[in-house]
Amino acid sequence: MDFKRSDFPEDFLFGAATAAYQIEGSAHGAAGSCHWDSFARVPGNVIGAEDGRRACDHYLYWAADLDLLRAAGMDAYRFSTSWARVLPEGRGPVNTEALDFYDRLVDGMLERGLRPFHTIYHWEMPSALADLGGWTNPDVHNWFADFTQVITRRIGDRVHATATINEPWCVAYLSHFLGHHAPGLRDIRATARAMHHVLKAHGAAMEVLRAEGQENCGIVLNFEADEPAEDGPDHAAAAARQDAIMNRWFLEGITRGSYPEEALEGLEPHLPAGWQDDMAAISRPIDWLGVNYYTRGLMLAAPDTAWPAMEPVPGPLPRTQMGWEVYPKGLEDTLTRLSRDYIGALPVYVTENGMAWDDRVTGGAVHDPARISFISEHVRATRNAIDTGTNVRGFFYWSLLDNYEWAFGYEKRFGIVHVDYETMTRTPKTSYHEFAKALGQ
Ligand code: FCB
C-alpha cells in the first residue's frame, strides 16, 4: 500500500466493516426470519438461491474474526445488529440470546482495543413486519424506534459511534423500484413511501438515541459519482436525475429538511399525504455522516421509458468483479462536495469502500494485487479530500471477510480475508498483510 498511518491526522481511524446478515449465519441463536430469507427462495432473485443461514458462521467464530482485526492493527470495527435476530417478530418479545451475543461482541472489541461502530439496521427487515408492508407501512418508524431503544439500552454504553441505517437508497429504491434487493418490488408508490419512511425512521431513531443520552450518532449513505455518458442537455439532465434520486434525496432530507426537485417531479405524487410535516424530524442534527463509495454512474437519457427516463451504461475504466468501474476520484469529489455544499466541518467517515475479485487460495495464500492498488488509491483520495478541507475522520474497508453479497450470493469476494464456505477457514489475503504493514504492524 502506498500510504501509512503517519500520512493521516493522529486520531484518524482505520477499520473494516461487515453486516450482520452477510456474516453471522441467521440459523444460529434463535434469530427470526427476515425478508432476505424469503427473497432468496424465489427463482432468479439471488445467484444460486443462496441465503444467509450460515454465511461465514461469524456467530460461532466472532472471537477469531475480532482477533484478525486486532492483528491487522485496525482501530475500529463497523458491525451491524440484526433486527430479526433481536426481535424475531419485529416487535414484542426480545430474543435474549441475541442481546447476549451482541453484548459479548462489543466487549470483545473493547478487549482488543477496537472502537465499536454500530449500525442499527443493515437490511434485515423482520418477516413479520415485511408481511405488514415493511418500509411502506406508515408505522415503520415507530417499530424501528422501538428496536433502536432495545438494542441501544443493551450495547449503547460501550459503542464509540452509532449509525441508524445503512444506505437508505438501497433500502428504498434498489429494493422497491429496481427490484434487485428484498422485498424485490418494482412499484413507484411503494418506492416513494419507502424513500420517505426510511428517513422518517432515521429521524425517529435519532430522537430515541438522544433521549437515551447516546453520543456520536449519525447515518450511513451511499454515494455514486454521477456523470452523463455523452454530451447533450438530455444526458446531463438524466445524470442530474440520478444524482437527485441516489445522492441528494437522502442528503438533503437530512441536512436541509427538503427533497430535490429533480426527484420530486417523479415521486411526489406517490408520497404519503402530509410528508412535509415530517421534514423537521428527518433533519434533526447528526454528529457525523458515513459515506459508502464504490464507483461512478454513467447515465444516458432514455426518453421512451417511464420516469426517471434514464439508463446506466458501462464505462471504459477498469472494472472489478462486480463490473463496477474503479474511479477513486469520485470518492475525493464526493467528500469535497459534502463539506463544500452540505455539511461544512461535520465529521465524515468513509464507512465502506472496497472491491470484489475472483480470489482463489493457492499454496495457502491469496494474492490480490488489484485490491492493494484499489485500497491505496481510495485511501489517497480520502487524504486529498482532507487536504482540501473535508473533516474525514476515518476509513473502513468493505469488507473484513468475503461474505454473502446479497443478490450475488457468495460469488463476489470483497474481503481482505478469504473465507472457504465449506470449511469456514479464514485465509488473510495479501491485501490484509499489506494493510497491516501500512498500519505499522
Ligand atoms: C454496499 C452494502 C454492503 C455490501 C457492499 C458491497 O452497498 O452496504 O452490505 O453489499 O455494498
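Refer to the preceding data block for the structure.
Residues numbered from 1 in each chain as written. Predicted model: local features only at pLDDT ≥ 70, side-chain atom pairs only at ≥ 80, totals over all residues. Heavy atoms only, no water.

**Q** I'd like a rundown of the overall build of the protein chain, residues and numbers included.
**A** From N to C terminus, the protein chain includes 15 helices and 11 strands. A compact globule built from 441 residues would reach a C-alpha radius of gyration of about 22 Å, and the protein chain, at 20 Å, matches this within 12%. Across its three principal directions, the C-alpha atoms of the protein chain cover 55 × 55 × 45 Å. For the protein chain, the residues scored as buried account for 63% of the 441 residues in total. Counting every atom, the protein chain has about 16,000 Å² of accessible surface; 50% of that belongs to carbon and sulfur. (Helix = DSSP H or I, 4+ residues; strand = E, 2+ residues; numbered from the N terminus. Rg over C-alpha atoms; globule rule 2.2 N^0.38 Å. Buried < 20%, exposed > 50% of the residue type's maximum accessible area, 1.4 Å probe, protein only. Areas by Shrake-Rupley, 256 points an atom, 1.4 Å probe, with all protein chains shown as cover.)

**Q** Could you give an account of the nonpolar core, naming the residues involved and the relevant values?
**A** Counting 133 residues, the largest nonpolar core has Trp36, Trp135, Trp249 and Phe435 as the members making the most contacts within it. Apart from the residues lying within four places of it in its own chain, the contact partners of Trp135 are Tyr121, Met125, Val140, Ile165, Val171, His176, Arg193, Ala194, His197, Val198 and Ala201. Listed in part, the 16 residues of the second largest apolar core include Leu13, Trp288, Tyr294 and Phe414. (Core = buried A, V, L, I, M, F, W, Y, C linked by side-chain atoms within 4.5 Å. Contact = heavy atoms within 4.5 Å.)

**Q** Just give me the short version of the site of the ligand, but keep the residues and values in it.
**A** With respect to spatial proximity, the complete set of residues near the ligand consists of Gln22, His122, Trp123, Asn166, Glu167, Tyr294, Glu352, Trp398, Glu405, Trp406 and Phe414. Interatomic distance of 2.5 Å between a side-chain N/O atom of Glu167 and an oxygen atom of the ligand. Take Trp406: an N or O atom from its side chain is 3.0 Å from an oxygen atom of the ligand. Within the complex, the protein chains bury 94% of what would otherwise be the 300 Å² of accessible surface of the ligand. Here the shell around the ligand is built from residues that sort into 5 nonpolar, 3 polar and 3 charged. (Near = heavy atom within 4 Å. Polar contact = N/O pair within 3.5 Å; in protein donor to acceptor, adjacent residues only side chain to side chain. Nonpolar A, V, L, I, M, F, W, Y, C, P; charged D, E, K, R; others polar.)

**Q** If you had to explain the side chain of Ser376 to someone new, which residues and values would you point to?
**A** Its location among the elements puts Ser376 in helix H14 (residues 369-387). Filtering out sequence-adjacent residues up to four positions away, Ser376 remains in contact with Met1, Asp2 and Phe3.

**Q** Help me get a handle on the pairing of strand S4 (residues 161-166), residues and values and all.
**A** Of all 6 residues in S4, 6 are buried, a share of seventy percent or more. Of the pairings in the sheet, the one linking strand S3 (residues 115-121) to S4 comprises 4 bridges and is parallel in character. Along S4, the bridge assignment pairs Tyr121 with Ile165. Both S4 and strand S5 (residues 217-228) contribute to a ladder of 3 bridges, which runs parallel. By the bridge assignment, Thr162 is partnered in S5 with Cys217. (Pairing = 2+ DSSP bridges.)

**Q** I'd love a proper account of the packing of aromatic side chains, names of residues and values included.
**A** Enumeration according to the criterion identifies 36 aromatic pairs in this entry. Where Tyr21 meets Trp406, the ring centres are 6.1 Å apart and the plane angle is 10°; that geometry is what we call stacked. One end of the pair, Tyr21, is in helix H1 (residues 20-23); the other, Trp406, is in the loop between strand S9 (392-398) and strand S10 (417-419), with 385 residues separating them in the sequence. Looking at Tyr21, the relative accessible area reads 4%, which means it is buried. Through a chain of ring-to-ring contacts, three or more aromatic side chains come together here, namely Tyr21, Trp36, Phe39, Trp123, Tyr404, Trp406, Tyr410 and Tyr421. Its end group placed over the ring of Tyr327, Arg296 keeps NZ or CZ at 4.8 Å from the ring centre. Lying across the ring of Phe8, Arg383 places its NZ or CZ 5.8 Å from the centre. (Phe/Tyr/Trp six-rings, centres within 6.5 Å; stacked < 30°, edge-to-face > 60°. Lys NZ or Arg CZ within 6 Å of the ring centre and 35° of its normal.)

**Q** Account for the environment of His367, with residues named and values stated.
**A** For His367, the position within the fold is in the loop between strand S8 (348-352) and H14. Sequence separation between His367 and Pro428 is 61 residues, and the spatial gap between their C-alpha atoms is 9.7 Å. Separated by 3.1 Å, the side chains of His367 and Thr430 make a polar contact.

**Q** Describe helix H7 (residues 140-155), naming the residues involved and giving the relevant values.
**A** Along an α-helix, residues three or four positions apart point the same way, because every turn accommodates 3.6 residues. Its 16 residues place the ends of H7 23 Å apart at the C-alpha level, agreeing with the 22 Å of an ideal helix rising 1.5 Å per residue. Three or more residues of H7 are buried, namely Val140, His141, Trp143, Phe144, Ala145, Phe147, Thr148, Ile151, Thr152 and Ile155. (Expected span 1.5 Å × (residues − 1).)

**Q** Describe in detail the pairing of S9, supporting the description with residues and values.
**A** The buried count for S9 comes to 6 of 7 residues, which makes it a mostly enclosed element. Pairing of strand S1 (residues 13-17) with S9, which is carried by 5 bridges, proceeds in the parallel orientation. Across the sheet, Gly15 pairs through a bridge with Phe396, a residue of S9. As judged from the 3 bridges shared by S8 and S9, these two strands associate in the parallel manner. Counted as the bridge partner of Tyr349 is Gly394 from S9. Handedness of the β-α-β unit built from S8, H14 and S9 comes out right-handed. (Right-handed = clockwise from strand over helix to strand, strands pointing away.)

**Q** Got a sec to walk through helix H5 (residues 96-111)? Specific residues and values, please.
**A** Across its 16 residues, H5 extends 22 Å between first and last C-alpha, which sits within 8% of the 22 Å expected from 1.5 Å per residue. Buried residues of H5: Ala98, Leu99, Phe101, Tyr102, Asp103, Leu105, Val106, Gly108 and Met109, and no others. The inward-facing, buried residues of H5 abut H1, helix H3 (58-71), strand S2 (76-80), helix H4 (83-86), S3 and H7. Gly113 occupies a position one or two residues after H5 and carries a positive phi of about 75°.

**Q** So, the environment of Met310: which residues are in play, and what are the values?
**A** When you line up the elements, Met310 lands in strand S7 (residues 310-312). In this structure, Met310 is in contact with Ala238, Arg241, Gln242, Ile245, Met299, Leu300, Ala301, Ala302 and Thr305, ignoring residues within four places of it in sequence.

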